[in-house]
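# Coordinates in review
Okay, here's what each chain looks like letter by letter:
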Amino acid sequence: MSAQATGFYFPREDALSSGSAKKPVEPWILPRACYIMISDNRNLEVKTMRERCRAFLHELQDSICAALEVVDGGCFREDTWERPGGGGGSSRVLSDGAVLEKAGVNFSEVHGELEGSFSGDLPGEGSDFYATGISLVLHPRNPKAPTVHANLRYIEKGDKNWFGGGADLTPYYLYEEDAVHFHQAWKDACDPHGEDLYPRYKKECDEYFHLPHRAEGRGIGGIFFDYVDADDRSAAMWEDLGRTFAGAYVPIIERRKNEAYSESERLHQLQRRGRYVEFNLVYDRGTTFGLKTSGRIESVLMSLPPEVRWDYNIQPEAGSEEAKLLEVLRNPRDWLGEQDSVDS
């Protein structure tokens, strides 16, 4: 699909004229630096980091939901809510869609007092805090299309304020060109802010989205970062990463949403979703933060899939596509370093 045709991506002149040393994996991979969404308006009246982040996240929620409604053909339902201790948010959910079995894109802005020992787990003095963020999880119906998660957050506590976030892809059947596309998008977004960022954030993602009790990753990674000191420079990076999401994921789901699949492949998807639930309920920092700050429970647990199975001692058949995926989950790959071998 072309960058111009979607309405959600645009090619920058420097990207189209400079060329690239690496040939694309497939023609559908967008040209380098085409992943940044048109969302670069600066509100001159914004004066504080809180105001800047809040305004950006509201716009990002709108633009991502609009892109996904084009993909699915359905509409998001919106619930606004208030947090008893201070603040609130807006949860948007698309359920039982033609393409997206369940999709949630949530905005929150909360503040108040952190309770108990949790206050000591975060940087900064005291227990007063402020946090705003966007969190999304998309569970496609087709097992050939991957689940995706992304979030961006800005937090203040005492004398500290920082950014965090990331995005990761969870396929049920591995298409290597999808993995390359997803990782290249995030590398292209990171590189203008420091060529060391993508390798570092990719490594942190592989380490964070790992299930120790299963000795495997939740998915094939992406990027993850936290506790990045907040200033104008890091805010620009954080915003660029937010703008990248649609270009990183929409071409993948557009390519996979109509793939044929069998009942056994659907069963495998439901079984793998069990791993997704295990991670989110046991290890996920966002879930923990939401539960320990009296967040709205429906929004906190929005990430869970609508259907899931835990079958006893499931083992993939040797040499199968399911086994191929499991091998990658147990041994994370450098997708961009292997691009030439994927092409051949």
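Just above, that's the structure.
Position labels on residues start from 1 in each chain and follow its written sequence. In keeping with the model being predicted, local features are shown solely for residues with a pLDDT of at least 70 and side-chain atom pairs are shown and tallied solely at 80 or more, while totals for entire chains, interfaces and linings include all residues. No hydrogens and no water enter the side-chain calculation; it runs on all heavy atoms of the structure.

## So, the packing of helix H4 (residues 176–190) against helix H6 (residues 232–256)
The condition is simple: A fitted line through C-alpha atoms serves as each axis, taken over the contacting stretch for helices, and the angle formed by two N-to-C directions is quoted from 0 to 180°. Numbering of helices and strands runs from the N terminus; a helix is a DSSP stretch of H or I covering at least four residues, while a strand is a stretch of E covering at least two. Should an angle fall under 35 degrees it is taken as roughly parallel, and over 145 as roughly antiparallel, whereas 65 to 115 is taken as roughly perpendicular and any remaining angle as oblique. By convention, the crossing between two helices is left-handed when the near helix turns anticlockwise from the far helix through less than a right angle, and right-handed when the turn is clockwise. A contact between two residues is defined here by any heavy atoms of the two lying within 4.5 Å.
Look at H4 against H6: their axes get within 9 Å of each other, and the N-to-C directions meet at 165 degrees. Considering the angle they form, H4 stands roughly antiparallel to H6. H4 and H6 meet at a crossing whose hand is right-handed. Taking contact as the criterion, the partners of Glu177, Asp178, His181, Phe182, Ala185, Trp186, Ala189 and Cys190 in H4 are, on H6, Asp240, Leu241, Thr244, Phe245, Gly247, Ala248, Pro251, Ile252, Arg255 and Arg256.

## Structural notes on helix H3 (residues 49–72)
Short version of the rule: Between the first and last residue of a helix there are one fewer steps than residues, each counted as 1.5 Å, and that sum is the expected span.
Given a rise of 1.5 Å per residue, 24 residues ought to cover 34 Å, and the 34 Å separating the end C-alpha atoms of H3 matches this to within 8%. Phi turns positive, to about 90 degrees, at Gly73, one or two residues after H3.

## Some words on the pairing of strand S5 (residues 147–157)
Here is the rule: Each residue is assigned to one of three classes by its accessible area relative to the maximum for its type, calculated with a 1.4 Å probe on protein chains only: buried under 20%, partly exposed between the two thresholds, exposed over 50%. DSSP calls a pair of strands paired once it identifies at least 2 bridges connecting them.
Judged by how many residues are buried, S5 sits mostly within the fold: 11 of 11 residues are covered. What sits between strand S4 (residues 128–140) and S5 in their antiparallel hairpin is a turn of 6 residues. Where S5 meets strand S6 (residues 160–170), 11 bridges bridge the pair, whose relative direction is antiparallel. What sits directly across from Thr147, in S6, is Thr170. The hairpin turn running from S5 into S6, its antiparallel successor, is 2 residues long, and Gly158 in that turn takes a positive phi close to 60 degrees.

## Concerning the pattern of salt bridges
As a reminder, the rule being used: Each reported salt bridge corresponds to a side-chain nitrogen of Lys or Arg within 4 Å of a carboxyl oxygen of Asp or Glu.
Counted under the stated rule, the structure contains 29 salt bridges. Between Arg52 and Asp232 there is a salt bridge whose closest N-O contact spans 3.4 Å. Of this pair, Arg52 sits in helix H3 while Asp232 sits in helix H6, and the two are 180 residues apart along the sequence. The exposure class assigned to Arg52 is buried, which follows from its relative accessible area of 19%. The partner of Arg141 in a salt bridge is Asp96, with the nearest N and O atoms 2.8 Å apart. Residue Arg141 is found in the loop between S4 and S5, and its partner Asp96 is found in the loop between strand S2 (87–95) and strand S3 (100–113); the two are separated by 45 residues along the sequence. Accessibility expressed as a relative area gives 24% for Arg141, which makes it partly exposed. The exposure class assigned to Asp96 is exposed, which follows from its relative accessible area of 60%. Within the structure, one salt-bridge network assembled from shared partners comprises Arg52, Asp232, Glu239, Asp240 and Arg243.

## Focus: the nonpolar core
This is how the line gets drawn: Residues belong to a common nonpolar core when they are buried Ala, Val, Leu, Ile, Met, Phe, Trp, Tyr or Cys residues joined through side-chain atoms within 4.5 Å.
Residues Leu138, Phe163, Phe225, Trp238 and Phe245 are the most contacted members of the largest nonpolar core, which totals 60 residues. The element contributing the most residues to this core is H6, with 11 residues. Each residue touching Trp238, except ones within four places of it in the same chain, is listed here: Cys53, Phe56, Leu57, Leu152, Arg153, Tyr154, Phe163, Gly164 and Phe225.

## Brief notes about the side chain of Asp226
So the rule is basically this: Any pair of nitrogen or oxygen atoms within 3.5 Å is treated as a polar contact; in protein, a donor-acceptor pairing is required on top of that, and neighbouring residues in sequence qualify only through side-chain atoms on both sides.
Tracing the backbone shows Asp226 in strand S9 (residues 222–229). Taking the relative accessible area as the measure of exposure, Asp226 reaches 16% and is therefore buried. A distance of 3.3 Å separates polar atoms of two side chains, one belonging to Asp226 and the other to Arg153. The contacts of Asp226, once residues within four sequence positions are left out, are Arg153, Trp162, Phe163, Gly164 and Arg285.

## Examining the packing of aromatic side chains
Applicable threshold: Pairing of aromatic rings covers Phe, Tyr and Trp, the last counted by its six-membered ring, and requires centre-to-centre distances within 6.5 Å; plane angles under 30 degrees mean stacked, over 60 mean edge-to-face, and any other angle means tilted. A ring is scored as having a charge over it whenever the NZ atom of a lysine or the CZ atom of an arginine sits within 6 Å of its centre and within 35 degrees of its normal.
Summed over the entire model, instances satisfying the criterion amount to 14 aromatic pairs. On the numbers, 5.7 Å between centres and 50 degrees between planes, the contact of Phe56 with Trp238 is tilted. Linking Phe56 in helix H3 with Trp238 in helix H6, this pair joins segments that are 182 residues apart in sequence. The exposure class assigned to Phe56 is buried, which follows from its relative accessible area of 4%. Through pairs of rings, three or more aromatic residues link up here, namely Phe56, Tyr130, Tyr154, Phe163 and Trp238. A cation sits over an aromatic face here: Arg218 above Tyr276, 4.1 Å from the ring centre. Above the plane of the ring of Tyr175 lies Arg256, whose end atom (NZ or CZ) is 3.6 Å from the centre.

## Observations regarding the sheet that holds strand S1 (residues 77–82)
In space, the 7 strands of this open sheet follow the order S1-S2-S3-S4-S5-S6-S9, with antiparallel pairing throughout. Of all the strands in the sheet, just S1 and S9 have a single pairing partner and so form its edges. Strand-to-strand twist of the sheet, defined as the mean angle between neighbouring strand axes without regard to direction, takes the value 5 degrees. As judged from the 13 bridges shared by S3 and S4, these two strands associate in the antiparallel manner. Pairing of His111 across the sheet is with Tyr130, part of S4. Against the sheet, helix H7 (residues 263–282) makes contact with S3, S4, S5 and S6, and its axis sits at roughly 165 degrees relative to S4, the strand it touches most.

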